[in-house]
Amino acid sequence: QVQLVESGGGLVQPGGSLRLSCTASGRPFAIYGMGWHRQAPGKQRELVATITSGGTRNYADSMKDRFAISRDNAKNTVYLQMNSLKPEDTAVYYCNADISTSIGPAYNYWGQGTQVTVSS
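These figures come from a predicted structure and were not determined experimentally. (Residues numbered from 1 in each chain as written. Predicted model: local features only at pLDDT ≥ 70, side-chain atom pairs only at ≥ 80, totals over all residues. Heavy atoms only, no water.)

Draft legend 1. Quick look at the overall build of the protein chain. Regarding its fold elements, the protein chain presents 0 helices and 11 strands. Sequence-ordered secondary structure for the protein chain, helices as α and strands as β, is β-β-β-β-β-β-β-β-β-β-β. Over its C-alpha trace the protein chain gives a radius of gyration of 14 Å, about what one expects of a compact globule, namely 14 Å for 120 residues. Taken along the three principal axes of its C-alpha coordinates, the protein chain extends 50 × 25 × 25 Å. (Helix = DSSP H or I, 4+ residues; strand = E, 2+ residues; numbered from the N terminus. Rg over C-alpha atoms; globule rule 2.2 N^0.38 Å.)

Right under this line is the structure:
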């Protein structure tokens, strides 16, 4: 019964910052890669950033200078620090992770999403 729960979204002015959090609840046995995607109305879901269990980070090119992904393995939590936000960053942001619940294969889980709105 593993779930990913995002928090931290909201309304922010252009140029502002937000920090999103995503925590794996339930009883994860092992958490491997974690990441963030986003989807705006009428647009395809796109990759924002990923981080491996060892801390290796990857970003979409358009976001690598403004966003930072991190994780706290002891808390089963991944974060997304977003700076210099632009109106085009407005989207629902989704957490995802590869998680095993026992000795065996890992499966990909998705959170419910959290809304980020960048507007004056």
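Draft legend 2. Just the pattern of salt bridges, in detail. This structure, assessed with the given rule, holds 3 salt bridges. Measuring nitrogen to oxygen at the nearest pair gives 2.7 Å for the salt bridge that ties E46 to R38. For E46, a relative accessible area of 29% gives the class partly exposed. Judged by relative accessible area, which is 7%, R38 ranks as buried. (Salt bridge = Lys/Arg side-chain N within 4 Å of Asp/Glu carboxyl O. Buried < 20%, exposed > 50% of the residue type's maximum accessible area, 1.4 Å probe, protein only.)

Draft legend 3. Highlighting the packing of aromatic side chains. Summed over all chains, the structure comprises 0 aromatic pairs. For R45, the ring lying beneath its charged end belongs to Y94, and the centroid distance is 3.9 Å. The ring of W110 has R45 sitting right over it, with the charged end atom 4.8 Å from the ring centre. (Phe/Tyr/Trp six-rings, centres within 6.5 Å; stacked < 30°, edge-to-face > 60°. Lys NZ or Arg CZ within 6 Å of the ring centre and 35° of its normal.)

Draft legend 4. Molecular detail of the sheet that holds strand β3 (residues 18-25). Reading across from one edge, β1-β3-β8-β7 is the order of the 4 strands in this open sheet, with antiparallel pairing throughout. With partners counted over all chains shown, the strands left at the sheet margins are β1 (3-7) and β7 (67-72), one partner each. The sheet shows a mean angle of 15 degrees between the axes of neighbouring strands, direction not considered. Of the strand pairs in this sheet, β1 and β3 are connected by 5 bridges, and their pairing is antiparallel. Bridge pairing links L4 to A24 in β3. (Pairing = 2+ DSSP bridges. Axes fitted to C-alpha atoms, helices over the stretch in contact; angles between N-to-C directions.)

Draft legend 5. Highlighting the state of the cysteines. For the structure on display, the rule yields 1 disulfide. Bridging C22 to C95, the disulfide has an S-S length of 2.1 Å. Handedness here is read from the sign of the S-S torsion; for C22 and C95, about -75 degrees, the answer is left-handed. Here C22 is found in strand β3, whereas its partner C95 is found in strand β9 (residues 91-100), with 73 residues between them in sequence. Accessibility expressed as a relative area gives 0% for C95, which makes it buried. (Disulfide = S-S within 2.5 Å.)

Draft legend 6. Summary view of the side chain of H37. Take H37: it is sitting in strand β4 (residues 30-39). A polar side-chain atom of H37 sits 3.3 Å from a polar atom in the side chain of N96. What H37 contacts, discounting residues up to four positions off in sequence, is R45, E46, L47, V48, V92, Y93, Y94, N96 and W110. (Polar contact = N/O pair within 3.5 Å; in protein donor to acceptor, adjacent residues only side chain to side chain. Contact = heavy atoms within 4.5 Å.)

Draft legend 7. Seen up close, the environment of F29. For F29, the location among the structural elements is in the loop between β3 and β4. In this view, F29 contacts S100, T101, S102 and I103; residues no more than four positions away in its chain are not counted.

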